Amino acid sequence: MTVNHANTDVIRTHIIKQLAVGDFCSGEALGEQLGISRAAVSNHIKSLSELGLDIYSVQGKGYRLACPLILLDKSKILDLLTVPTDAQLTVLNVIDSTNQFIKEHQSDLSNGSVCLAEAQTAGRGRLGRRWVSPYGASMYLSMHWTFPAGYQTIGGLSLAVGVAIINALNKIGVSQAKLKWPNDIYVLGKKLAGVLIEVEGQIGAACHCIVGIGINVKLPQANLPIDQPYIDINSVITTEVDRNEFAAVLIDELLTTLTLFESKGLAPFVAQWRAADVYANQTINLIIGQTVTSGIARGISDNGALLVETDLGIQAFQGGEISVRPA
Ligand code: BTN
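Here the residue index of a chain counts from 1 through its sequence in written order. For this predicted model, a pLDDT threshold of at least 70 governs which residues receive local features, and a threshold of 80 or more governs which side-chain atom pairs are given and counted, while totals over whole chains, interfaces and linings are taken from all residues. Excluded from the side-chain calculations are hydrogens and water; all other atoms, namely the structure's heavy atoms, are used.

Trainee: Outline the pairing of strand β12 (residues 306-310), supporting the account with residue identities and numerical values.
Mentor: Counting buried residues along β12, 4 of its 5 residues qualify, which places the element largely inside the surrounding structure. Across 3 bridges, strand β11 (residues 291-300) lies against β12 in antiparallel orientation. For I296, the partnering residue across the bridge sits in β12 and is E309. Between β11 and β12, which pair antiparallel in sequence order, lie 5 residues; one of them, G304, sits at a positive phi of approximately 90°. Residue exposure (1.4 Å probe, protein chains only): buried if accessible area is under 20% of the type maximum, exposed if over 50%, otherwise partly exposed. Runs of E in the DSSP output that reach at least two residues are strands. Runs of H or I that reach at least four are helices, and both are numbered from the N terminus. If DSSP finds at least two bridges between two strands, the strands pair.

In structure tokens form, the structure reads like this:
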């Protein structure tokens, strides 16, 4: 078979699909299929390794993935969705950020539209941090939702999204996931997933939200440049996660959650958030800019503020610039 495309993405997608099967692929065979030299194949392999794909080579045999990989597949995910939706699903190979993709296409998207990618080169985290996004190792998902009644109706949205993720994880067998305010997902004291919600719109008008979710599924063995203890789903359940099934479960949960949130707000999610609170009644440090406040975590208020008992009594904290750490 010969593929006559010079396009880098097409070439790399072809190489990944061959490798994903799990067998050795020789540089020569890949080069013949693609109409490029072995040296060019080797350069593409190097770039794929830099994107986080665990590829090794054995002289005389060729290249092989350290673990077989089931690639994201749009038609499989659509077949597995159970919540009716007319929203668009975009499945990409490599992108800067799925949140950025939604941002650039937001005016054409209906509520619930999703972008998924195999890897991000500029994944965004909360508080201006980077979200490390190796190839095929995680779920990088962004969903678009417009709330017609504007900013005043989206308070607590990120907490409701945290609950949706806990529900999706439960459905694939991860039962011990907890929430750290406002919406980090923790398992065994380490971060499994994070949520970044980006909002645009004028005061008094509809607001357009990008709900960005990163969930570690099966991270590469190599140490990753992540500045806090982290964990992946593969370390906590014995069955292999099919990311297509998981994506469908997660999208279903998000569609249900955001529809309910739009009509009822945070109220239907508060009890579940409190039940999954990782720091309930523990001493924590609250970092707001340069200021650190210590106290005992007392859960969340009905509008989603973090309640902390300090010498001054129980205080409510709200806002995107707050970090919570164990004391
Ligand atoms: C956090 O810092 O905890 C939030 C991380 C959010 C990462 C996800 S990955 C998919 C989406 N696209 C991005 O660029 N960021 C979010």
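Trainee: Help me get a handle on the site of the ligand, residues and values and all.
Mentor: A molecule or strand has a residue near it when one of that residue's heavy atoms lies within 4 Å. Taken together, 20 residues lie around the ligand, and S97, Q120, R124, R126 and K191 are the ones closest in. Within the contact set of the ligand, an oxygen atom lies 2.7 Å away from a backbone nitrogen or oxygen of R126. For the purposes of these results, a polar contact is taken to be a pair of N or O atoms within 3.5 Å, where, inside protein, one atom must be able to donate a hydrogen and its partner to accept one; residues adjacent in sequence count only when each atom of the pair is a side-chain atom. In the model, an oxygen atom of the ligand is placed 2.6 Å from a nitrogen or oxygen of the K191 side chain. Secondary-structure elements contributing two or more residues to the shell around the ligand are α5 (98-105), β5 (138-147), β8 (190-200) and β9 (207-216). Split into classes, the residues belonging to the shell around the ligand amount to 6 nonpolar, 10 polar and 4 charged. Residue polarity is assigned by list, with Asp, Glu, Lys and Arg as charged and Ala, Val, Leu, Ile, Met, Phe, Trp, Tyr, Cys and Pro as nonpolar; anything else, Gly included, falls into the polar class.

Trainee: Go over the sheet that holds strand β10 (residues 283-288), please, and point to the residues and values.
Mentor: Strand order in this open sheet of 5 strands is β13-β12-β11-β10-β14, and the pairing throughout is antiparallel. The open sheet has two edge strands, β13 (313-317) and β14 (322-326), and neither has a second partner. When strand polarity is set aside, the average angle formed by the axes of neighbouring strands in this sheet is 45°. To obtain an axis, a line is fitted to C-alpha atoms, over the contacting stretch when the element is a helix, and the angle between two such axes runs from 0 to 180 degrees between their N-to-C directions.

Trainee: Can you tell me about the sheet that holds β5, naming the residues and giving the values?
Mentor: Spatially, β3-β4-β5-β9-β8-β7-β6 is the arrangement adopted by the 7 strands of the open sheet, whose pairing is mixed. Whereas interior strands pair on both sides, the edge strands pair on one side only; in this sheet they are β3 (89-95) and β6 (178-180). Recorded for the sheet is a direction-independent mean angle of 20° between the axes of neighbouring strands. Of the strand pairs in this sheet, β3 and strand β4 (residues 114-120) are connected by 6 bridges, and their pairing is parallel. In the strand pairing of β4, T90 is matched with C115.

Trainee: Outline the pattern of salt bridges, listing residues and values.
Mentor: Any Lys or Arg side-chain nitrogen found within 4 Å of a carboxyl oxygen on Asp or Glu counts as a salt bridge. Summed over all chains, the structure comprises 10 salt bridges. Taking the shortest distance from any N to any O, the salt bridge between E309 and R298 comes out at 2.6 Å. Residue E309 is located in strand β12, and its partner R298 is located in strand β11; the two are separated by 11 residues in the primary sequence. What makes E309 partly exposed here is its relative accessible area of 30%. The exposure class of R298 is partly exposed, given its relative accessible area of 32%. Salt bridges sharing common partners tie together K180, D184 and K191.

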